[in-house]
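# Structure at a glance
Here's the letter readout for the chains.
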There are 2 protein chains.
Amino acid sequence: MSMLKVISTYEFEKLIENIHEIECEFVDILDSYGRILDEDIYSPVNIPGFKRSAVDGYAVMSRDTYLCSETMPGVFNLKEEIEIGKKPNEDLSGLECSYIPTGGMLPNGADSVVMIEDTEVIGNEIFVNKSVSKNENVVSEDEDISKDDKIFSKGDLMLSTHMPVLISLGVKVVKVKRQIKIGVISTGDELIDIKSDIEVPKIKDSNGPFLAFAAREDRCISKHYGIVKDDEEILTSTVKKALAENDMVFLSGGSSAGNKDFTEKIISELGELMFHGLSIKPGKPTLMGRCSGNKYIIGFPGHPLACMIVYKFIISKLINHLYGKKENITYQVLEFGENYHKSKGREEYLAIRIEDNKAYPIHAKSSAMSVMIKCDGILKIDRDIEGYQKGDKVNVMR
Amino acid sequence: MSMLKVISTYEFEKLIENIHEIECEFVDILDSYGRILDEDIYSPVNIPGFKRSAVDGYAVMSRDTYLCSETMPGVFNLKEEIEIGKKPNEDLSGLECSYIPTGGMLPNGADSVVMIEDTEVIGNEIFVNKSVSKNENVVSEDEDISKDDKIFSKGDLMLSTHMPVLISLGVKVVKVKRQIKIGVISTGDELIDIKSDIEVPKIKDSNGPFLAFAAREDRCISKHYGIVKDDEEILTSTVKKALAENDMVFLSGGSSAGNKDFTEKIISELGELMFHGLSIKPGKPTLMGRCSGNKYIIGFPGHPLACMIVYKFIISKLINHLYGKKENITYQVLEFGENYHKSKGREEYLAIRIEDNKAYPIHAKSSAMSVMIKCDGILKIDRDIEGYQKGDKVNVMR
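Predicted, not measured: the structure shown is a model, and the values here were computed from it.

### Some details on the sheet that holds strand 17 (residues 248–252) of chain B
Residues and elements named next belong to chain B. Taking strand neighbours across the sheet as the criterion, the six strands line up as 16-13-17-21-20-18 in an open arrangement whose pairing is mixed. The open sheet has two free edges, formed respectively by strand 16 (221–228) and strand 18 (272–275), since each of these has just one partner strand. For this sheet the average axis-to-axis angle between neighbouring strands, irrespective of direction, equals 20°. Relative to strand 20 (residues 287–291), strand 18 is paired through three bridges, and the arrangement is antiparallel. Bridge pairing in strand 20 links glutamate 272 to arginine 290.

### Description of the sheet that holds strand 7 (residues 112–115) of chain A
Residue and element names in this part refer to chain A. In space, the six strands of this open sheet follow the order 7-4-6-5-9-8, with mixed pairing throughout. With partners counted over all chains shown, the strands left at the sheet margins are strand 7 and strand 8 (119–122), one partner each. Taking each pair of neighbouring strands and ignoring which way they run, the sheet shows an average axis angle of 40°. Bridge count for strand 5 (residues 74–81) against strand 6 (residues 96–100) is three bridges, and the pairing is parallel. Bridge pairing in strand 6 links leucine 78 to cysteine 97.

### Observations regarding the packing of helix 1 (residues 9–17) of chain A against helix 6 (residues 304–323) of chain A
Residue and element names in this part refer to chain A. Helix 6 packs onto helix 1 with a crossing angle of 20° between their chain directions and a minimal axis gap of 10 Å. Regarding the angle of helix 1 to helix 6, the classification is roughly parallel. In the crossing of helix 1 with helix 6, the sense of the turn from one axis to the other is right-handed. Taken together, the residues of helix 6 that come into contact with helix 1 (itself represented by Thr9, Phe12, Glu13, Ile16 and Glu17) are Ile314, Ile315, Lys317, Leu318 and His321. Residue composition of the contact of helix 1 with helix 6, by class: five nonpolar, two polar and three charged.

### Observations regarding the packing of aromatic side chains
Per the counting criterion, the structure on display carries 16 aromatic pairs over all chains. Both rings, one in tyrosine 58 of chain A and one in tyrosine 99 of chain A, keep their centres 5.8 Å apart while their planes meet at 75°; by these two values the pair is edge-to-face. Of this pair, tyrosine 58 of chain A sits in strand 4 (residues 57–60) while tyrosine 99 of chain A sits in strand 6; the two residues are 41 residues apart in sequence, bridging distant segments of the chain. As far as the burial class goes, tyrosine 58 of chain A and tyrosine 99 of chain A line up, both buried. Residues phenylalanine 12 of chain B and phenylalanine 275 of chain B carry aromatic rings whose centres are separated by 5.9 Å and whose planes lie at 85° to one another, so their mutual orientation is edge-to-face. Within this pair, whereas phenylalanine 12 of chain B is found in helix 1 (residues 9–17), its partner phenylalanine 275 of chain B is found in strand 18, the two being separated by 263 residues in sequence.

### Side note on the interface of chain B and chain A
Reports of interface size often rely on the accessible area that becomes lost once the parts have come together. The interface of chain B with chain A comprises 60 residues on the first partner and 60 residues on the second. Each partner contributes to the roughly 5,200 Å² buried at the junction of chain B and chain A, and carbon and sulfur atoms together form 67% of this total. Across the chain B-chain A interface, the total number found is four salt bridges. Aspartate 28 of chain A serves as the salt-bridge partner of lysine 195 of chain B, at 4.0 Å between the closest nitrogen and oxygen. For the pair chain B and chain A, the number of links is 17 residue pairs in polar contact (both at pLDDT 80 or more).

### A closer look at a negative patch on the surface
Together, Glu141, Asp142, Asp148 and Asp149 of chain A make up a negatively charged patch on the protein surface. Inspection of the secondary structure puts aspartate 142 of chain A in the loop between strand 10 (138–139) and strand 11 (150–152).

### So, the confidence of the model for chain A
Note that predicted coordinates carrying low pLDDT should not be read in detail. Taken over all residues, the pLDDT of chain A has a mean of 93, while the share at 70 or more is 97%. Both scores are given for the predicted complex: the pTM is 0.92, the ipTM 0.91.

### Section: helix 1 of chain B
Residues and elements named next belong to chain B. Here helix 1 has its buried residues at Thr9, Phe12 and Ile16. Each buried residue of helix 1 lies within a common arc of 50° when the element is viewed along its axis, so the set occupies one face. In helix 1, the exposed positions angled more than 90 degrees off the buried face are occupied by Tyr10 and Glu17. The secondary structure elements touched by the buried residues of helix 1 are strand 18, strand 19 (280–281), strand 20, helix 6 (304–323) and strand 24 (347–355).

### Structural notes on the pattern of salt bridges
Residue and element names in this part refer to chain A. Evaluated as defined, the whole model comprises 41 salt bridges over all chains. With a closest N to O distance of 3.7 Å, aspartate 40 and lysine 150 form a salt bridge. Taken together, the residues span a long stretch of sequence, with aspartate 40 in the loop between strand 1 (24–28) and strand 2 (41–42) and lysine 150 in strand 11 at a distance of 110 residues. Taking relative accessible area as the criterion, aspartate 40 reaches 34% and is therefore assigned partly exposed. Residue classification places lysine 150 among the partly exposed residues on the basis of a relative accessible area of 45%. Overlapping salt bridges, with partners in common, bring together Glu21, Asp38, Lys154 and Lys177 in one network.

### Some points on unusual backbone geometry
Omega for the peptide link from isoleucine 47 of chain A to proline 48 of chain A comes to 5°, which places this bond in the cis form. Its place among the elements puts proline 48 of chain A in the loop between strand 2 and strand 3 (52–53). Cis geometry is found at the peptide bond from valine 200 of chain B to proline 201 of chain B, where omega equals 5°. Tracing the chain through its elements places proline 201 of chain B in the loop between strand 14 (191–192) and strand 15 (203–204). Positive phi is not limited to glycine here, since leucine 95 of chain B has a value of about 60°. You can see leucine 95 of chain B is positioned in the loop between strand 5 (74–81) and strand 6 (96–100).

### Some remarks on the relation of the copies chain B and chain A
Expressed as a screw operation, the relation of chain B to chain A combines 0.1 Å of axial shift with a rotation of 180°, fitting to an RMSD of 0.2 Å. The superposition of one copy onto the other is thereby described by a two-fold rotation axis. No C-alpha of chain B approaches the rotation axis more nearly than that of glutamine 332 of chain B, which lies at 4.9 Å. A share of 100% of the interface residues of chain B reappears at the interface of chain A, consistent with the copies meeting face to face through the same patch.

### Quick look at the pairing of strand 4 (residues 57–60) of chain B
Sheet faces and side chains relate simply in a regular strand, where the side chains alternate between the two faces. All names here are of chain B. Strand direction decides the pairing type here: strand 4 and strand 6, joined by three bridges, are antiparallel. Bridging from a neighbouring strand, tyrosine 58 pairs with tyrosine 99 of strand 6. Note: strand 4 against strand 7 (residues 112–115), four bridges, orientation antiparallel. Bridging across to strand 7, tyrosine 58 finds its partner in valine 114.

### Overview of the state of the cysteines
All names here are of chain A. For the structure on display, the rule yields zero disulfides over all chains. Left without a disulfide partner, cysteine 68 is nearest to the cysteine sulfur of cysteine 97, which lies 11 Å away. Left without a disulfide partner, cysteine 375 is nearest to the cysteine sulfur of cysteine 307, which lies 14 Å away. Cysteine 375 sits in the buried class, given a relative accessible area of 18%.

### Regarding the environment of leucine 243 of chain B
Residues and elements named next belong to chain B. Turning to its location among the elements, leucine 243 is positioned in helix 4 (residues 232–245). For leucine 243 and serine 292, which are 49 residues apart along the polypeptide, the C-alpha to C-alpha distance reads 9.7 Å. Residues in contact with leucine 243, not counting those within four places in the same chain, are Val249, Leu270, Cys291, Lys295, Tyr296 and Ile297.

### A word on the side chain of aspartate 144 of chain A
Tracing the backbone through its elements, the reader meets aspartate 144 of chain A in the loop between strand 10 and strand 11. No salt bridge is formed by the buried aspartate 144 of chain A, whose closest oppositely charged neighbour, arginine 52 of chain A, lies at an N-O distance of 6.0 Å. Of the polar contacts made by the side chain of aspartate 144 of chain A, one reaches the backbone nitrogen of methionine 369 of chain B; its length is 2.9 Å. Residues contacting aspartate 144 of chain A, with those up to four places away along its chain left out, are Ile47 and Pro48 of chain A together with Ser367, Ala368, Met369 and Ser370 of chain B.

Parameters and conventions
Residues numbered from 1 in each chain as written. Chains lettered and ligands numbered in written order. Predicted model: local features only at pLDDT ≥ 70, side-chain atom pairs only at ≥ 80, totals over all residues. Heavy atoms only, no water. Pairing = 2+ DSSP bridges. Helix = DSSP H or I, 4+ residues; strand = E, 2+ residues; numbered from the N terminus. Axes fitted to C-alpha atoms, helices over the stretch in contact; angles between N-to-C directions. Parallel < 35°, antiparallel > 145°, perpendicular 65-115°, else oblique. Left-handed = near helix turned anticlockwise from the far one by under 90°. Contact = heavy atoms within 4.5 Å. Nonpolar A, V, L, I, M, F, W, Y, C, P; charged D, E, K, R; others polar. Phe/Tyr/Trp six-rings, centres within 6.5 Å; stacked < 30°, edge-to-face > 60°. Buried < 20%, exposed > 50% of the residue type's maximum accessible area, 1.4 Å probe, protein only. Buried area = accessible area lost by both parts, 1.4 Å probe. Salt bridge = Lys/Arg side-chain N within 4 Å of Asp/Glu carboxyl O. Polar contact = N/O pair within 3.5 Å; in protein donor to acceptor, adjacent residues only side chain to side chain. Patch = residues over 30% accessible without salt bridge, like charges linked within 9 Å, V, L, I, M, F, W, Y side chains within 5 Å. Areas by Shrake-Rupley, 256 points an atom, 1.4 Å probe, with all protein chains shown as cover. Lys, Arg positive; Asp, Glu negative; His and termini not counted. Charge placed at Lys NZ, Arg CZ, Asp CG, Glu CD. pLDDT = per-residue confidence, 0-100. Arc of directions from axis to C-beta. Least-squares fit on C-alpha atoms with pLDDT ≥ 70 in both. Disulfide = S-S within 2.5 Å.

Right, here's the structure in full:
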């Protein structure tokens, strides 16, 4: 029906490079939580933004304290008691001072603070027993952040620890990527719905809900359109509806062989088939098509473990690309715990169990659910590598 | 006003051990995403749940193939073609076979599958050229998961990769912890709202929104009641309202000294003060009180970095305890990049920047926002340790 086109993950990465990033939108700062920035953010202000005292004491002009000592104290007139969070009412002139608490704002005419233990109060006069230098005990107005410092970068994901910074800068609106909308359709006559009772040998549709939740974890909006039987007319109209309502459609294919041809046919009818296989194991029966309006259809393999691996390590690259975001996989270097042979020519994603800081492959065959429970990470083995020996250092994706 | 009570983190952990976990509720499986299990889950079924073929071929009784070879093939009557996802219609008797695709269900009367390449079709008869042993090319009904295997444990957080397993087991309703409700109140005359313009030397309320979002990240429901000025009557009535509507109230204190006495007084009026200081740095001015109905008030320090550290490394222990959940901190062993001295007697939480796989302390003083941006992790230094030397191995929390 179409030219055989099985591509490598390298070719996949090249292919998605040409796809346009998703558009932006402007949101209120409190709505930016969990969103991806579409702009670099530079500080519009200095933080704290004013000179403040690092101690409890008296704000003075340092030159007035020159040669002050216990035997020869300087005598200063007290102008006022400055309060936290309020501007000083009085400016200082020569030999004047104001009481200032830690964090208080330095008054005009002062450039330093004498610590309270180096002073004595006598009536309305303050005796200063120690000289201070310029800026002594003073926190500068840009001590924390300087105006125009780069604070966040395009592609950063906003989490709870980032919010206080954005708020402190006085930012009110931020430019973020709008959320990608994904429609998930489960296909296959052998699938039954979550709500049904198990009916051997039919199998529960677990891929559809997985894809819908996984897309949500990656900051997309997802909708599951349920299970559609292998009926060309119904499936085509459901895909059309989902395409109209979303940016991407995920077809979670059944595991039967006929099923793949079927989704391939529908993708070809509604758009242009970009590839119909990935040279990876597991996950070969993965399809992708381009439709008008920068919309895409992805056909996932039916085997649950393959579906999970293809989503997490391949299709998430497309989502990150659309968001202009760096990958969110963490790597851990571990010692490989046994010998593992792999044939050349296909990239392999091996489920890993970690024990005593060593990585052991989980021997799976057709199992999927038990692997998902036991799996601590995935080891990607490049196509030209023929396996690993016990004791090799490997880089496990978690 | 109350007996001085500054406790260690060890005493804090002992204190919360006596607090009852939050109640459970029963939810539909699709609503269990992101929730914490309140039960161990054992598999109620075998997965796949039926004997199926690992190859395309013919289902037979193995004893009928005894001594079959190319020169002496066995001759079998073809009963039917079994389809994926459907039960076989026919049972097999002696010298009968059925066509079976990979994944198809084995019919009664068969215990093995002959691969298609080891057979020949002649009319309605199948010539079998090779003997098979019992269970050959057959995937057993509990190959993936056995009935009564422990699948998930109380305290597990349900994420996208767990959902397919729950679904496949046919689980429809799960027992989860109900979500903890947290009311956040910001206090302090020096605070101004996110929506206001910066008004030096007032500071933006960043702790309130941080705590509300951080609690959401930890699977709680949070509501921010805004900024309440240092007015006893208004603050008391706001705390009462928040206590009535939530399980816990977070008071995000201002940084002024008077502020702390104020929240301490209100906690004492509405309940029993459990402690009014933690012997940690930063984060000492942390308060906790117990109110009727297993409800708690936490007073956080006003310094944003201290507030973040107290939430992430202290109060999250209380939330995990209420949920019966293990801690969600990941640790990374790194080489310490310089010499760092700390005084004995207080546990210290040091902000860390990671560079070239080495951990460097971020020298902060009163800075907070710049630390939050640069911080890659936190190093907890126990109270009796006097610092670390360049080259020491340290365990950084991320």
